[in-house]
Amino acid sequence: MNKKLKKSIEYFFLILLACIFIFPMLWMVVSSMKPEAEIYLDMGGIQSLLPSLDVSQWFLTYKELFSRFNVPQYVINSIIYAVTITVGSIMVNAMAGFAFAKFEFRGKKLLFGILLVLLIVPVETIIITQFTVAHTLGILNTRLAVVLPMIGNMFFIYLFRNFFKAVPDEIIESVKLDGANNWIVFWKIILPMSKPAVATVGTLSFIASWNDYLWPLMVLTDTDKFPLQVAITNINTTQPVYTNQVMAILTISTIPLIIVYILAQKYILQGLGGTGTGIK
């Protein structure tokens with residue numbers, strides 16, 4: 001098999017795989033841009049992948065959805081949770097990773113080993129314990145209950161620690177000779193050199209918090225505080241249920257994730273593949 005044929009086969013399967021992933025998203029978007037009846041009439045034909053021929057119908061579904069449900073409030077809630085968790089994850093996990101990478105203290109290896117072991121523990125196995133702690137703290141049905149448990153993450157600490165560990169100690173020592181303390185070293189030197197790691201953690205944290213469903217559902221009872229993912233379930237079960245409106249709310253929930261990933265994909269690849277050498 002020559003090189004050109006091999007590359008052609010690779011591209012064929014890559015395009016095929018891309019189509020498999022894109023098809024459900026395309027169907028979701030176009031279904032939100034047509035009346036309910038047309039979705040079922042067009043099923044099975046190429047028209048199912050095209051929006052309504054009547055342009056005036058394209059955003060009518062969204063108008064009806066917004067009139068039935070308080071979608072802007074749900075979107076704002078999700079943005080508040082996602083941004084807060086993202087910023088908190090970067091700050092807290094970066095400081096923990098810096099401590100494990102550059103500080104020497106008693107029990108460091110044991111503690112880090114415990115954190116590595118916790119990586120294999122499914123979140124579902126400790127969610128009841130988290131709920132009990134939240135109840136004890138008296139923060140149930142508050143935004144704090146949604147945000148607090150998701151800030152600390154063992155994988156993010158591990159990622160930051162590996163990235164910081166490869167930063168030469170000579171850089172830190174030279175800055176300290178100029179009178180800088182550890183806090184200044186972290187904020188002025190280490191963190192600015194770690195854009196790929198920061199972008200990776202920020203993106204993964206944003207996606208995880210935006211898609212989180214089970215935990216907010218457990219700790220929130222006030223519908224005005226529901227994030228978008230929990231609200232989708234309500235919309236999907238509130239009679240009458242319209243398929244085009246369900247597709248519309250799913251489209252709204254997907255757009256921010258696509259935007260965030262497109263903007264940060266270069267840094268994500270560098271963050272997961274880089275070694276802490278100040279890649280920018």
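Details of the structure are given in the entry above.
Residues numbered from 1 in each chain as written. Predicted model: local features only at pLDDT ≥ 70, side-chain atom pairs only at ≥ 80, totals over all residues. Heavy atoms only, no water.

Here's the deal with the overall build of the chain
Check the secondary structure of the chain and you find 14 helices and zero strands. On C-alpha atoms alone, the chain measures out to a radius of gyration of 23 Å, which is more than a quarter above the 19 Å that the 2.2 N^0.38 rule sets for 280 residues. The proportion of buried residues among the 280 residues of the chain is 37%. Sequence separation of 24 or more characterises 75% of the internal contacts of the chain that already satisfy a separation of 6 or more. Counting every atom, the chain has about 16200 Å² of accessible surface; 70% of that belongs to carbon and sulfur. (Helix = DSSP H or I, 4+ residues; strand = E, 2+ residues; numbered from the N terminus. Rg over C-alpha atoms; globule rule 2.2 N^0.38 Å. Buried < 20%, exposed > 50% of the residue type's maximum accessible area, 1.4 Å probe, protein only. Contact = heavy atoms within 4.5 Å. Areas by Shrake-Rupley, 256 points an atom, 1.4 Å probe, with all protein chains shown as cover.)

Overview of the environment of Ser78
Mapping Ser78 onto the fold places it in helix α4 (residues 71-102). For Ser78, a relative accessible area of 3% translates into the label buried. For Ser78 and Asp212, which are 134 residues apart along the polypeptide, the C-alpha to C-alpha distance reads 9.6 Å.

Let's talk about unusual backbone geometry
With phi around 60 degrees, Asn141 is a residue other than glycine that occupies positive phi space. Position of Asn141 among the secondary structure elements: in the loop between α6 (127-137) and α7 (143-151). Exposure remark for Asn141: the relative accessible area of 23% places this residue in the partly exposed category.

Here we look at the nonpolar core
Among the nonpolar cores identified, the biggest contains 31 residues, and Leu65, Ile249 and Ile252 are the most heavily contacted of them. For this core, the secondary structure elements donating two or more residues are α3 (60-68), α4, α6, α7, α11 (195-211), α12 (214-219), α13 (228-237) and α14 (243-273). Every residue in contact with Leu65, bar those within four places of it in the chain, is listed here: Val71, Ile235, Gln245, Ala248, Ile249 and Ile252. In terms of nonpolar packing, the next biggest core, distinct from the first, is built from 21 residues, Ile90, Ala101, Phe156 and Phe163 among them. (Core = buried A, V, L, I, M, F, W, Y, C linked by side-chain atoms within 4.5 Å.)

No statement about biological role is implied by the geometric values presented.
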